[in-house]
Amino acid sequence: MINIDDKVINDIKRGFNLPPKPELLEQLQTAIQHPEPDLNHIASLISTDLSTSAAVLKVINSPAYGMSRTITDIKQAVMFLGLDSVTQLVTSCLLQQAFEQSSCCISLERFWDTSTEIAAVATLIGKKVKSKVPSENLHMLGLFHDAGIPAMAVKYPDYVKVLDIANNSHDEPLTQFEEQAYNTNHTIVGFFLASSWHLPKPICQLILRHHDLEFLTEPHDQELLLSYATLKMAENLVHTQKRFRNTADWLHVKTEVLSTLELDEDDYQDILEDTDDYFQERFG
């Protein structure tokens, strides 16, 4: 179990220049908390940010989302998906715009490509297992779970070396190498970033715990367990596609993940084929 005490939070506040919550997100969260939210006003708010609107529509109309018709504007998106879903998609898009490449020692484009793939595969798994977890929650978790990594890369100029060492390790997670080098890790930094942006508490908790191999053996709300299991499978499927081997976590959690999602090895192979198809479609 990971505990975040006040000292850790104060260290992160003092030491990390985390991107502030965007004004658009602040306005959206305020509008949604209104007793009778005005859908037209909310759609107009989102539509004023052209790059975010375009990114939201791109996600909604992607094969991973599986909409039965093409959504052509933000008002349609709000009507079809609801306020919470669209807000979470907007948050995901704003996150990708929040870090600047010039101050970061890793390739943000490559980082967000991988996060986007994990988000899409998590959504695909959710549809396959008919998960009770909303697609937009799985998408946001997939995209946001490693958000502490770019924050670490902004803070530490040598962070890329730690990443390389971790990437070449077959059985130790990145968090272990981060702790050795910096006495903190990307799950803690990501948790603080997600909390400061007022993401849903369950998603903040999963960001904090996503490398905790005991999570599925503990008593948790079913949606949390399903979300964690889906994320770990999505991480592994994407990692396998890109590096041709399992993640350091996978063999430790595979049995519990399949059990939680009520899948057997054949089902896993089916999802692996679906992931192959997704990558074929993505890269041709």
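Residues numbered from 1 in each chain as written. Predicted model: local features only at pLDDT ≥ 70, side-chain atom pairs only at ≥ 80, totals over all residues. Heavy atoms only, no water.

Undergrad: Help me understand the overall build of the protein chain in this model?
TA: Within the protein chain one finds 16 helices and 0 strands. Since a compact globule built from 284 residues should have a radius of gyration of about 19 Å, the 18 Å found for the protein chain is in line with a globular shape. A principal-axis box enclosing the C-alpha atoms of the protein chain has dimensions of 50 × 50 × 40 Å. Taking all 284 residues of the protein chain together, the buried fraction comes to 52%. Looking at the protein chain alone, contacts between residues at least 24 apart form 67% of all its contacts between residues at least 6 apart. (Helix = DSSP H or I, 4+ residues; strand = E, 2+ residues; numbered from the N terminus. Rg over C-alpha atoms; globule rule 2.2 N^0.38 Å. Buried < 20%, exposed > 50% of the residue type's maximum accessible area, 1.4 Å probe, protein only. Contact = heavy atoms within 4.5 Å.)

Undergrad: What is the right way to look at the packing of helix α2 (residues 23–32) against helix α3 (residues 39–47) in this model?
TA: The axes of two packed helices give the description: the angle between them and the distance between them. At a minimum axis distance of 10 Å, the contact between α2 and α3 shows a crossing angle of 175°. The angle between α2 and α3 places the two elements in the roughly antiparallel class. Two secondary-structure elements touch here, α2 through Leu24, Gln27, Leu28, Ala31 and Ile32 and α3 through His41, Ile42, Leu45 and Ile46. Classifying every residue of the contact of α2 with α3 gives 7 nonpolar, 2 polar and no charged. (Axes fitted to C-alpha atoms, helices over the stretch in contact; angles between N-to-C directions. Parallel < 35°, antiparallel > 145°, perpendicular 65-115°, else oblique. Nonpolar A, V, L, I, M, F, W, Y, C, P; charged D, E, K, R; others polar.)

Undergrad: I tried to follow unusual backbone geometry on my own but got confused; where do I start?
TA: With a phi close to 50°, lysine 130 is a non-glycine residue in the positive phi region. Considering the arrangement of structural elements, one finds lysine 130 in the loop between α7 (108–128) and α8 (135–144). The exposed category is assigned to lysine 130, whose relative accessible area is 71%. Located in the positive-phi region is histidine 198, a residue other than glycine, with phi close to 60°. By the secondary structure assignment, histidine 198 is in the loop between α12 (186–196) and α13 (201–209).

Undergrad: Help me understand the environment of histidine 139, please; the structure alone is not making it clear to me.
TA: In this structure, histidine 139 sits in helix α8. Among the residues examined, histidine 139 registers a relative accessible area of 9% and is labelled buried. Each C-alpha atom of the pair histidine 139 and threonine 255 lies 23 Å from the other, and the pair is 116 residues apart in sequence. Apart from the residues lying within four places of it in its own chain, the contact partners of histidine 139 are Val59, Leu89, Ser92, Ala119 and Thr123.

Undergrad: Even after reading the chapter, I still don't get the packing of aromatic side chains, so can you show me in this structure?
TA: The description of an aromatic ring pair rests on the distance of the ring centres and on the angle between the ring planes. Going through the model one piece at a time under the given rule, you end up with 7 aromatic pairs. With centroids separated by 4.8 Å and ring planes inclined at 75°, the aromatic side chains of phenylalanine 111 and tryptophan 112 adopt a geometry described as edge-to-face. Both rings, one in phenylalanine 215 and one in tyrosine 228, keep their centres 4.7 Å apart while their planes meet at 20°; by these two values the pair is stacked. Here phenylalanine 215, found in the loop between α13 and α14 (222–243), pairs with tyrosine 228, found in helix α14; they are 13 residues apart in sequence, far enough to count as distant. With respect to class, phenylalanine 215 is no different from tyrosine 228; both count as buried. Connected via pairs of aromatic rings, a cluster forms that spans Tyr156, Tyr159 and Tyr182. (Phe/Tyr/Trp six-rings, centres within 6.5 Å; stacked < 30°, edge-to-face > 60°.)

Undergrad: What is the right way to look at the layout of surface pockets in this model?
TA: Over the atoms, a rolling probe the size of a water molecule traces out where space has been left empty. Of the voids in this model, the largest pocket is the one considered here, and its volume is about 860 Å³. Around the largest pocket, the lining is made up of 31 residues, and of these Ile149, Leu163, Asn167, His239 and Arg243 lie nearest the centre. Looking at the lining of the largest pocket, the elements with two or more residues in it are α7, α10 (159–167) and α14. Taken together, the residues that form the lining of the largest pocket break down as 12 nonpolar, 10 polar and 9 charged. Of the pockets and cavities examined, the second largest pocket occupies roughly 600 Å³. As for the second largest pocket, its lining consists of 20 residues, of which Ala55, Lys58, Val59, Thr116 and Arg282 are closest to the centre. Elements with a minimum of two residues in the lining of the second largest pocket: α4 (50–60), α6 (83–98), α7, α8 and α16 (265–283). (1 Å grid on protein atoms, 1.4 Å probe; cavity = no way out; pocket = protein on both sides within 12 Å on 5 of 7 lines; lining within 4 Å. Points joined across faces, edges and corners; volume = space filled by probe spheres on them.)

Undergrad: What am I meant to see in the nonpolar core here?
TA: In summary, soluble globular proteins display a tendency toward joint burial of nonpolar side chains. The biggest cluster of nonpolar side chains holds 94 residues, and the ones touching the most others in it are Phe144, Tyr159 and Met233. When near neighbours in sequence (up to four residues on either side) are disregarded, methionine 233 contacts Ile125, Trp250, Val257, Leu258, Leu261, Leu263, Tyr268 and Ile271. (Core = buried A, V, L, I, M, F, W, Y, C linked by side-chain atoms within 4.5 Å.)

Undergrad: Just checking my understanding: could you explain the environment of leucine 81 for this structure?
TA: Examined against the element boundaries, leucine 81 turns out to sit in helix α5 (residues 74–81). For the pair leucine 81 and glutamate 136, spaced 55 residues apart in the sequence, the C-alpha separation amounts to 9.2 Å. If near-sequence neighbours (up to four positions away) are discounted, leucine 81 is found in contact with Ile60, Tyr65, Met67, Val86 and Leu89.

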